[in-house]
Amino acid sequence: MRPDLFQSPDYYLLDELLSDEHKMVRDAARAWVKKEVSPIIEEYAQRAEFPHQIVKGLGEIGGFGPYIPVEYGGAGLDQISYGLIMQEIERGDSGVRSTSSVQSSLVMYPIWKYGNEEQRMKYLPKLATGEFIGCFGLTEPDFGSNPGGMVTNFKDMGDHYLLNGAKMWISNAPFADIAVVWAKNEEGRIHGLIVERGMEGFSTPETHNKWSLRASATGELIFDNVKVPKENLLPNKSGLGAPLGCLDSARYGIAWGAIGAAMDCYDTALRYSKERIQFDKPIGATQLQQKKLAEMITEITKAQLLTWRLGVLRNEGKATTAQISMAKRNNVDMALTIARDARQMLGGMGITGEYSIMRHMMNLESVVTYEGTHDIHLLITGMDVTGFPAFK
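Calculation rules
Residues numbered from 1 in each chain as written. Predicted model: local features only at pLDDT ≥ 70, side-chain atom pairs only at ≥ 80, totals over all residues. Heavy atoms only, no water. Helix = DSSP H or I, 4+ residues; strand = E, 2+ residues; numbered from the N terminus. Rg over C-alpha atoms; globule rule 2.2 N^0.38 Å. Buried < 20%, exposed > 50% of the residue type's maximum accessible area, 1.4 Å probe, protein only. Contact = heavy atoms within 4.5 Å. Lys, Arg positive; Asp, Glu negative; His and termini not counted. Charge placed at Lys NZ, Arg CZ, Asp CG, Glu CD. Bend = angle between axes of the 7 residues up to and from the residue. Pairing = 2+ DSSP bridges. Polar contact = N/O pair within 3.5 Å; in protein donor to acceptor, adjacent residues only side chain to side chain. Core = buried A, V, L, I, M, F, W, Y, C linked by side-chain atoms within 4.5 Å. Axes fitted to C-alpha atoms, helices over the stretch in contact; angles between N-to-C directions. Parallel < 35°, antiparallel > 145°, perpendicular 65-115°, else oblique. Left-handed = near helix turned anticlockwise from the far one by under 90°. Nonpolar A, V, L, I, M, F, W, Y, C, P; charged D, E, K, R; others polar. Salt bridge = Lys/Arg side-chain N within 4 Å of Asp/Glu carboxyl O. UniProt positions renumbered as here; feature names shortened; annotations may be inferred. Patch = residues over 30% accessible without salt bridge, like charges linked within 9 Å, V, L, I, M, F, W, Y side chains within 5 Å. Areas by Shrake-Rupley, 256 points an atom, 1.4 Å probe, with all protein chains shown as cover.

### Comments concerning the overall build of the protein chain
What the protein chain contains, in helices and strands, is 11 helices and 9 strands. Relative to the 2.2 N^0.38 estimate, which gives 21 Å for 392 residues, the radius of gyration of the protein chain is 21 Å and therefore close to what a compact globule would have. Referenced to the eigenvectors of the C-alpha coordinate spread, the extents of the protein chain come out at roughly 80 × 45 × 40 Å. For the protein chain, the proportion of its 392 residues judged to be buried stands at 56%. For the protein chain, the proportion of contacts with a sequence separation of at least 24, taken over those separated by at least 6, is 75%. The average position of the 41 basic charges and that of the 48 acidic charges among the side chains of the protein chain differ by 3 Å.

### Quick look at helix H5 (residues 94-114)
An α-helical turn contains 3.6 residues, so any two residues separated by three or four positions project in the same direction. Of all the bends in H5, the largest measures some 35° and sits at Met108, one to four residues before the proline Pro110. The buried count for H5 comes to 20 of 21 residues, which makes it a mostly enclosed element.

### Some words on the pairing of strand E3 (residues 160-171)
Relative to E3, strand E2 (residues 153-156) runs antiparallel, the two sharing 4 bridges. Following the sheet pairing, Lys155 is matched in E3 by Leu162. The hairpin formed by E2 and E3 contains 3 residues between the paired strands, and Gly158 there has a positive phi angle of roughly 100°.

### Focus on the environment of Ser212
Inspection of the secondary structure assignment puts Ser212 in the loop between strand E6 (202-203) and strand E7 (218-229). Classification of Ser212 by relative accessible area gives buried; the value is 12%. A C-alpha to C-alpha distance of 27 Å links Ser212 and Val195, two positions 17 residues apart in sequence. Sequence-distant contacts of Ser212, that is, excluding residues within four places in its chain, are made with Met362, Asn363 and Ser366. A distance of 2.7 Å separates the side chain of Ser212 from the side chain of Ser366, its partner in a polar contact.

### Let's talk about the nonpolar core
One finds Ile111, Leu124, Leu127 and Trp182 to be the most contacted residues of the largest nonpolar core, which totals 63 residues. For this core, the leading source of residues is H5, giving 9 residues. Other than its neighbours up to four places away in sequence, Leu127 contacts Phe64, Gln103, Val107, Met108, Ile111, Phe132, Ile133, Gly134 and Ile178. Counting residues in hydrophobic clusters, the runner-up holds 34 residues, among them Ala261, Ile297, Ile300 and Ala335.

### Looking at the packing of H5 against helix H6 (residues 117-129)
Relative to each other, H5 and H6 sit at 160°, their axes nearing to 9 Å. Between H5 and H6, the crossing angle belongs to the class labelled roughly antiparallel. Helix-helix and strand crossings are classified by hand; for H5 and H6 the assignment is left-handed. When H5 is examined against H6, the residues Gln103, Val107, Met108, Ile111 and Trp112 are found in contact with a partner set consisting of Gln119, Arg120, Tyr123, Leu124, Leu127 and Ala128. The class makeup of the residues in the contact of H5 with H6 is 8 nonpolar, 2 polar and 1 charged.

### What to know about the pattern of salt bridges
Within this structure, the stated rule accounts for 19 salt bridges. Among the salt bridges present, the one from Glu196 reaches Lys122, with a minimum N-O distance of 3.3 Å. Pair noted here: Glu196 is in strand E5 (residues 190-196) and Lys122 is in helix H6, with a separation of 74 residues, a long-range link. Here Lys122 falls in the partly exposed class, since its relative accessible area comes to 45%. Lys302 is paired through a salt bridge with Glu299; the nearest N and O atoms lie 2.9 Å apart. In this pair, Lys302 and Glu299 are both assigned in helix H8 (residues 287-315), 3 residues apart and thus about one turn of the helix distant. The partly exposed category is assigned to Lys302, whose relative accessible area is 47%. Taken together, the shared-partner salt bridges connect Asp4, Arg91 and Asp264 into one network.

### Describing the UniProt feature "domain: Acyl-CoA oxidase/dehydrogenase middle" (unreviewed entry) in the protein chain
UniProt tags residues 135-226 as "domain: Acyl-CoA oxidase/dehydrogenase middle" (unreviewed entry). In this annotation, residues 135-226 is assigned 0% helix and 48% strand; the end-to-end C-alpha distance for the span is 17 Å.

### A word on the packing of helix H7 (residues 241-275) against helix H9 (residues 321-345)
Packing of H7 against H9 brings their axes to within 8 Å, and their N-to-C directions diverge by 20°. The angle between H7 and H9 falls in the class roughly parallel. Helix-helix and strand crossings are classified by hand; for H7 and H9 the assignment is left-handed. The residue makeup of the contact of H7 with H9, split by class, is 19 nonpolar, 4 polar and 3 charged.

### A few points about the side chain of Ser101
Mapped onto the elements of the fold, Ser101 is located in helix H5. For Ser101, a relative accessible area of 1% gives the class buried. Aside from chain neighbours lying at most four places away, what touches Ser101 is Tyr82, Met86 and Leu106.

### Some words on a nonpolar patch on the surface
A grouping of Tyr11, Tyr12, Leu17 and Leu305 is seen on the molecular surface, where their side chains present a nonpolar patch of about 450 Å² in accessible area. Inspection of the secondary structure assignment puts Leu305 in helix H8.

Have a look at this one:
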C-alpha cells in the first residue's frame with residue numbers, strides 16, 4: 001500500500017465557513033482514516049471482507065450517531081459535523097462509510113426519534129460505541145424503489161408480535177446485533193420493530209460475489225415466525241414517512257460522503273499527473289489532463305458549497321426531502337464521473353489496488369443506486385418543481 005498522502009482540496013476556502021469544532025472533528029476523523037483505514041482497506045476489499053477491528057475506532061471518532069444527544073451516548077454534534085465525518089470516512093472507503101451511516105441514520109436515528117425512553121437507554125449507548133452494530137430492514141426482493149409495496153408483516157398474538165417476511169441488500173446484516181425492521185401490521189400500516197439477533201426464526205445470510213462495496217458486509221434478513229416482544233415496537237411514528245425520515249438523514253450523509261470519494265480520486269490524479277512523465281514532460285502539463293483536473297475541482301467545489309448550505313438548513317430544521325435528494329443525486333453522480341476520469345488519467349495503473357481509484361469507482365456504482373436511485377431522485381426533484389408525481 002502506498003502511503004496516504006491525501007491533501008484535501010479547498011478551492012473556495014470553505015474552511016472559513018466552518019467553526020473550530022467542525023475542523024477539529026473533521027481533522028480527527030481524517031487522521032484516523034489515514035492511520036487505521038488507508039493501510040488495510042485495499043487488502044480487505046480484495047478479500048471481500050469487512051475489517052471488524054475498526055469498529056471501536058469508528059465509535060471513538062463519532063462515526064456512530066454523532067448528532068445523538070450526549071445523554072444517549074452520542075456526541076451531541078451538529079449536522080455539519082456529521083457530514084464532515086461521513087466525508088472523511090468515505091474518503092477512506094464507501095463501504096466503511098456505509099457501516100457508519102447505517103448505524104447512525106438508519107438504526108440510531110429511528111430509535112432516538114421514534115422510540116421511547118426505555119428503548120433509547122437500552123440501545124443507543126451501546127450503538128454509539130460500536131458494542132452493538134445495527135442494520136435497517138426496508139428493501140425487499142420485489143420492492144426497492146417502491147417500499148410501500150412491502151409484504152413483510154407482523155400479527156398481534158396477544159403477548160407478542162409474529163413477524164414474517166424477508167429483506168435484502170442490507171448493509172451490516174451478517175454481523176448485526178439488532179435490526180430496525182419495517183413491516184405492515186394486519187391493517188396494512190407500516191411500523192418499525194427492533195429485532196435482536198438470537199430471536200428464533202431470524203437469520204441473516206450473507207450476500208457474496210459483489211464487485212462493489214467489497215469491504216462492507218451485505219446480507220438478507222429472513223423472518224420465519226419470529227416472536228418479537230411488544231416492547232420492541234417503535235411507538236412514536238408509523239406509516240411510510242417513518243422509514244423515509246431515516247433515509248433523509250442517511251442520504252444527507254451520503255451527499256457529504258461522496259465528496260470524500262471524489263476528493264480522494266482528484267487528489268490521487270493530481271499527484272500522479274505531476275509525477276508521470278510522457279513525451280519528456282509531466283502529463284499534468286498537457287491540455288487534456290488539465291481539462292480533466294480543472295473540471296474535477298470545479299465539480300468538487302460546487303458540491304462542497306451545495307452540501308455546506310444543506311448542512312446549515314439541516315441545523316435550522318429547514319432542509320426538505322427534495323433538497324436532500326438533489327444533493328445526494330448530484331454529488332454521487334459527480335463522484336462517479338471524477339472516479340472514471342481519474343482512472344483514465346492513471347492509465348493501466350488506475351485499475352490496480354496500488355491506487356484507490358478503481359475501488360472508489362466500483363463502490364460508487366452501489367452508492368448511486370442505494371437509498372434512492374439516481375433516476376428516482378431526479379423524479380423527486382421533478383415532482384417538487386412541477387407538483388406532478390411521475391413515478392409510475
